[in-house]
Amino acid sequence: MPSPQARKILLSRKWLIAFTVVALVLLTFLAALFHAASSLSRDYVVEALSEKYQSDVELEELNLSLLPSIRATGHRLSFRHKGRTDVPPLIEIQEFRVQAGIIGLLRSTKRVSKVELIGMKINVPPRREDKAESEEPKEKKSGGIKTRFVIEEIVADGTALHILPKDSWKEPLVFDIKRLTLTSVGIDRPMEFRAGLTNAKPPGDIESTGEFGPWVAGDPGLTPVSGKYTFENANLGVFKGIGGTLSSVGKYKGALARIEVEGTTDTPDFVVDTAGNPVHLKTSFHAIVDGTNGDTKLQPVNAEFLKTSVVARGGVEGKAGQKGKTVALDVQVSEGRIEDLLELAVKSDEPVVTGAIRFTTAFELPPGDQAVMDKLRLKGRFGVEAAEFSSSKVQEKIDELSNRARGEPERGSTGEVESDLKGNFTLANGMITLSGLSFSIPGATVHLNGTYGLRGEEINFRGTVRMQAKVSETTTGVKSFFLKLADPFFKKKGAGAVIPIKIGGTRKNPSFGLDAGRVIGGK
């Protein structure tokens, strides 16, 4: 007969065997149950998401596990707005992983610890014209799933955001988001986010934090968004004809369809290739961005470089039949220096002319692969006060012209004669055309029309010099005697003489002379 100790051991073994059998049966049952529950949960998830987001939801696969915590994995989840077969699904997710604790799921507001979204693509559709602005998505009054939940953290690195344009001819606005983390995510609350992405053009690193939502399912363009950003190491060299490294900081608020942005930019080495002279360019701006198509209204942009300030207002918008966006601005300089503008645009060791400048111009920069200076179009008017030419050769010619025009040809050059310039200008295809250009110096007024090539620096001007003195008074000796015969031919409308002139050559080697053809022709 077995001893009491042996009987205890035998009994323990029986219980252990029984427990093991029961455990195996339960595990087998639970495995079968969770296999069935996966299908049931999949249907539940699809129903809940479909109802809440007023969308057609598709979920190819959902798997659940209990240990070591409650986990779910799924594949190929997509949301499509009901009735919106004209656009791609709003959200497409290749794979997702969910972690949750039992206690969190037992609360009245369910709490999910973490969700990972892999291979997510978001297609924000354009707003439908037939949808009233005040219309809100309607909830079902009965039979719906009313579960409240909060997701503590969503990680969606590698997300692609496509903002689809309203006009089919426009390109979608694409953002490749390298890092994206959302916290405190719920159905009817704004979510906090941290995002890091590489801007496509100009290439650079953007970091942004803020709040997004709650999502307006019926009209995504009304979804609120706010936050702040930094933009670093933006290489402007991708735009042909300019260069420099830009950085920017700012803040934004509004809805996706109308985001107000305030910020500053700093480019310490901004350069235009026609000049090759880097300048420190700073701007501050207030902009209104349509996040559904990328169109931007600038109200205004204030730019500063060297001793010149520029104010611009306008927009960056797409046009029918044109890939990319056109920058169209009204630009004004009320306090500037012409030498600063020449430093930026003209290749020279020193500026051709110095002086205070004021100008207004229409500015248009269409998209395209050409260099900026070749596609930029300007049309405006300018005025320069107290202009002095830095070239001793040019300044000597100006001084000589002033002395002769006053009838003092023997007076030497002082290099101190100043001019006032004004006129109209246009820029197209890298060529500046000046019309109605006039400048005044003591004793004379010069009127010119012509062109200046920014790349080749060719000068081609024709015009007249209206002088106080007669032609014979512009020289001395024998020449003066014989020129008295010509005085009647050049005397016009009360002036001592009106002389047709031409200016040619290049910026470095200009040529000045009498336009003999016009003298002979009587023009």
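Everything quoted here is computed from the prediction, not taken from an experiment. (Residues numbered from 1 in each chain as written. Predicted model: local features only at pLDDT ≥ 70, side-chain atom pairs only at ≥ 80, totals over all residues. Heavy atoms only, no water.)

A. Highlighting the overall build of the protein chain. Tallying secondary structure elements over the protein chain gives eight helices and 26 strands in all. In the protein chain, which comprises 523 residues, the share counted as buried stands at 39%. Sequence separation of at least 24 residues holds for 51% of the intrachain contacts in the protein chain that already meet a minimum separation of 6. Carbon and sulfur atoms make up 57% of the accessible area of the protein chain, which amounts to about 29,300 Å² in all. (Helix = DSSP H or I, 4+ residues; strand = E, 2+ residues; numbered from the N terminus. Buried < 20%, exposed > 50% of the residue type's maximum accessible area, 1.4 Å probe, protein only. Contact = heavy atoms within 4.5 Å. Areas by Shrake-Rupley, 256 points an atom, 1.4 Å probe, with all protein chains shown as cover.)

B. The arrangement of the nonpolar core in detail. Core analysis: the largest hydrophobic core is formed by 99 residues, its most contacted members being Leu77, Leu117, Phe270, Phe382 and Leu448. If near-sequence neighbours (up to four positions away) are discounted, Phe382 is found in contact with Ile357, Arg358, Phe359, Leu421, Lys422, Gly423, Phe425, Leu434 and Leu437. (Core = buried A, V, L, I, M, F, W, Y, C linked by side-chain atoms within 4.5 Å.)

C. Structural detail: the side chain of Thr296. As for its placement among the helices and strands, Thr296 is situated in strand β16 (residues 296–305). When sequence neighbours within four positions are dropped, the list of residues in contact with Thr296 reads Ala287, Ile288, Val289, Gly314, Gly315, Val316 and Glu317.

D. Representation of the pattern of salt bridges in the model. The tally for this structure, following the rule as stated, stands at ten salt bridges. Between Glu60 and Arg76 there is a salt bridge, and its shortest N-O distance comes to 2.9 Å. Here Arg76 lies in strand β2 (residues 70–81) and Glu60 lies in strand β1 (residues 55–65), a separation of 16 residues in the sequence. In this structure, Arg97 engages Glu95 in a salt bridge whose closest nitrogen and oxygen atoms are separated by 3.2 Å. With relative accessibility at 36%, the residue Arg97 sits in the partly exposed group. Look at the salt bridges and you will find they share partners, linking Asp273, Asp374 and Arg455 into a network. (Salt bridge = Lys/Arg side-chain N within 4 Å of Asp/Glu carboxyl O.)

E. Inspection of the environment of Gly241 at higher detail. As for its placement among the helices and strands, Gly241 is situated in the loop between β11 (224–235) and β12 (242–243). Each C-alpha atom, one on Gly241 and one on Asp374, is 8.2 Å from the other, the two residues being 133 residues apart in sequence. Among all residues touching Gly241, those that are not within four sequence positions of it are Val271, Val272, Asp273, Ala371 and Val372.

F. Representation of the pairing of β11. Looking at chain direction, strand β10 (residues 204–212) and β11 are connected through eight bridges and run antiparallel. Counterpart to Thr209 in the pairing with β11 is Lys228. Pairing of β11 with strand β13 (residues 245–255) involves ten bridges; the strand directions are antiparallel. The residue of β13 that forms the bridge with Asn235 is Thr245. (Pairing = 2+ DSSP bridges.)

G. Inspection of the pairing of β10 at higher detail. Bridging between strand β9 (residues 191–199) and β10 involves nine bridges; their strand directions are antiparallel. Counterpart to Glu192 in the pairing with β10 is Glu211. If you look at the hairpin formed by β9 and β10, you'll find four residues sitting between the two strands.

H. Just the environment of Leu427, in detail. Within the fold, Leu427 resides in strand β21 (residues 419–428). Each C-alpha atom of the pair Leu427 and Arg377 lies 5.2 Å from the other, and the pair is 50 residues apart in sequence. With residues up to four places along the chain from it excluded, the contact list for Leu427 reads Met373, Leu376, Arg377, Leu378, Ile432 and Leu454.

I. The arrangement of the confidence of the model for the protein chain in detail. Per-residue confidence for the protein chain gives a mean pLDDT of 78, with 78% of residues at or over 70. Residue range residues 19–37 is modelled with pLDDT below 50. Its contacts to residues more than four positions away, or to other chains, number three contacts. This stretch, residues 131–145, has a pLDDT under 50; its non-local contacts, to residues over four places away or in other chains, come to 21 contacts. (pLDDT = per-residue confidence, 0-100.)

J. Structural context of the packing of aromatic side chains. Evaluated as defined, the whole model comprises two aromatic pairs. Plain terms: the ring middles of Phe359 and Phe425 are 6.3 Å apart, the flat faces sit at 80° to each other, and that makes the pair edge-to-face. Note that Phe359 is positioned in strand β19 (residues 353–365) and Phe425 in strand β21, a separation of 66 residues in sequence. The class for Phe425 is buried, based on a relative accessible area of 12%. Taking the centre distance of 6.1 Å and the plane angle of 55° together, the rings of Phe382 and Phe425 count as tilted. Here Phe425 lies in strand β21 and Phe382 lies in strand β20 (residues 377–389), a separation of 43 residues in the sequence. Judged by its relative accessible area of 13%, Phe382 is buried. (Phe/Tyr/Trp six-rings, centres within 6.5 Å; stacked < 30°, edge-to-face > 60°.)

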